[in-house]
Structure formats: structure tokens, C-alpha cells
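# Secondary and tertiary structure notes
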Amino acid sequence: MQMKNGRLPMSEYAAAAKELGTLNWVGMESNETFEQIASEGADTVRIIKPFADHDRIFSEMEFAGKCHAVAVGIDIDHVAGQDGNYDVVDGIPMGPVRFTNLCEYVKAAGRPFVVKGVLSVSDAIKAKEAGAAAVFVSHHHGRVPFGIPPVSCLKQIKEALAGSEVAIFCDCSIASGYDAYKTLALGADAVSVGRGILTPLLKEGQEGVVKKVNEMNRQLSEMCIYTGVGSMQSFEPSVLHLAAGASI
Ligand SMILES: Cc1cc2nc3c(=O)[nH]c(=O)nc-3n(C[C@H](O)[C@H](O)[C@H](O)COP(=O)(O)O)c2cc1C
């Protein structure tokens, strides 16, 4: 799919990320398309699918390195399909990601490795022990059936990773700076937006994404001013008040 200007939406997104100084997350793409997207010059992270063919994972990681990706990772939440078997994406079979596999990927990556799709303390600890630089708490916009909202396990994951240098990213249904604020207060080091950016991206390309992220940043600043949060270090969950009976 191309934009009216003939460019790929992901190239427009990458150009916006470069302008904004944010990370440019790229999912399942051919090497050729990945190279094109990475050539926009943003700090690009390549998230590789859990292919059953492990050689493909190693070779996509190597190619990402040649394109100067700042990090690589794997979306461990895209293993199962809806028919009770491993998924097949664009004709390519997915397979399990075992702890030993993760250790091998981290070792081969040659750059920080992100485990995307962490949704439990146990996953987070395994990612840390495998040597990952970051966990990405996510249910992949609902592709994990009955996956809990990522924010509901952030606090426990933060506690489990305390004292380590493993960064915590979080996404899913973050549509405003107010959502971002809550997610950061609950323990994420950074947040990411998927579908919330899709409409502005497809309508207005780079400019639409920049406008959306700037608006979110304004909303985030607004909440930080209200609550006296001056830096990422001063975020903490007591700024949030839960409805009676609710718990995190
Ligand atoms: C069009 C589209 C394609 C996506 N492709 C991938 C992918 O290839 N790999 C991946 O890890 N996540 C992929 N995602 C999921 C996002 O990375 C992200 O986890 C999710 O969209 C976050 O939830 P949100 O859309 O509610 O913000 C995709 C999301 C969308 C909307």
C-alpha cells in the first residue's frame, strides 16, 4: 500500500519518528522494505516474527544490523494461530520461542534486544535472564485472546525487574497523553502507540503523526504540571486513584 505521494506509510512514519526524535518500530516487513524504511534515518527497531525457521530470525537480525537498526527484538505474542496450531503469517510458519532460543537471539543480536509481548512477571524475568535490554509489555492490540490489559501487570513487572537495567516499554489502547501519563505512572519507562497513530498517518502522513505525537506530549505535560512530576524518576503510582474496589 502506498500513500498519495507514492511513499510507504511506514516511510512516512519513520520520517515522523526522525523529526520527533522517537523510536521507529518496524514489524514484519521484507528485508527490502525494512531497508527502505530504515533509510529515513530514524532510530529504528526491527521486531522480527517468531519464525519456525530460526535461521530466518538470525538472518533478519543480521540484516537489521547492516541497516543500522538501534535494536532488534521478537514478538513472542505472535506464536499461536486461531486454529490451535502455530500461526502462519503470509505463508510463513511461526514456531515456539524457548528460553534457550531467546538466549541465542540476544547473543547474536549485536545490539540491544527487545522481548515484545511480555504479559507476566515470569515472562519478564525470563527476558531479563536471557539478557534482553528491554521488555515490551503488550497484548499486541488484542491478538492474544483474553490477554490482560498491559497496564494491569506493569507494577508487578516493574518490581520484578527492579535493580536491573531492563527497560520497560508498554502499549495497547494508548490514545492520548493522559493514557501515556497513567502508563508511565504505573511503571513503564516509555510508551508506544499503534492504532492511535494509524488514522493520522494514513490521512496526513508524516505531518499527521507529528501532530498527533505533539498533541499527546502536550497532554502529558499538562498532567505532569498538575501532579508535580518533573522527570521520569518522579513518576510513581500514588498519583493515580483507583475506583473503589479496583486494584492494580
Ligand atoms: C497495522 C498494524 C501492524 C502491526 N504489525 C506488527 C508486527 O508486525 N509486529 C509486532 O510486534 N506488532 C505489530 N503490530 C502491533 C503493534 O506493534 C502494537 O503492539 C499494538 O498495535 C499496540 O496496540 P494499540 O494499537 O492499541 O496502540 C501492528 C499493529 C498494527 C496496527
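Here's a quick rundown of the structure.

Cut-offs and rules
Residues numbered from 1 in each chain as written. Predicted model: local features only at pLDDT ≥ 70, side-chain atom pairs only at ≥ 80, totals over all residues. Near = placed C-beta within 6 Å. Helix = DSSP H or I, 4+ residues; strand = E, 2+ residues; numbered from the N terminus. Nonpolar A, V, L, I, M, F, W, Y, C, P; charged D, E, K, R; others polar. Core = buried A, V, L, I, M, F, W, Y, C linked by C-beta atoms within 7 Å. Buried ≥ 20, exposed ≤ 12 C-beta atoms within 10 Å, placed from the backbone. Contact = placed C-beta atoms within 7 Å. Axes fitted to C-alpha atoms, helices over the stretch in contact; angles between N-to-C directions. Parallel < 35°, antiparallel > 145°, perpendicular 65-115°, else oblique. Left-handed = near helix turned anticlockwise from the far one by under 90°.

Our focus in this paragraph is the site of the ligand. Not every one of the 17 residues close to the ligand is listed here, only the nearest: G27, D75, H141, G194 and R195. Here the shell around the ligand takes three residues from helix α8 (residues 195–227), the largest share from any one element. Of the residues assigned to the shell around the ligand, the class counts are six nonpolar, seven polar and four charged.

Now for the nonpolar core. It is characteristic of soluble globular proteins that their nonpolar side chains tend to be buried jointly. One finds V72, V114, V115, A132, V135 and V137 to be the most contacted residues of the largest nonpolar core, which totals 65 residues. Looking at this core, the element that brings in the most residues is helix α1 (residues 9–20), giving six residues. Excluding residues that lie within four positions of it along the chain, V115 makes contacts with G73, I74, I76, L102, A127, A132, V135 and F136.

Below, the discussion takes up the packing of α1 against α8. Close contact between α1 and α8 brings their axes to 9 Å; oriented N to C, the two are set at 20°. Here α1 lies roughly parallel to α8, going by the angle between them. Like other packed secondary-structure pairs, α1 and α8 cross with a definite hand, here right-handed. Packed against α1, whose contacting residues are P9, E12, Y13, A15, A16, E19 and L20, the element α8 presents L201, L202, G205, Q206, V209, V210 and V213 at the interface. Of the residues contributing to the contact of α1 with α8, the split by class is ten nonpolar, two polar and two charged.

With that out of the way, let us pick up the packing of helix α5 (residues 121–130) against helix α6 (residues 151–161). In a pair of packed helices, the angle between the axes and the distance between the axes together describe the arrangement. Relative orientation of the contacting elements α5 and α6 amounts to 35°, with a least axis distance of 9 Å. The handedness of the crossing between α5 and α6 is right-handed. Mapping the contact onto sequence places V121, A124, I125 and K128 in α5 and Q156, I157, A160 and L161 in α6. Looking at the contact of α5 with α6, its residues break down into six nonpolar, one polar and one charged.

Nothing here speaks to function; it is all geometry.
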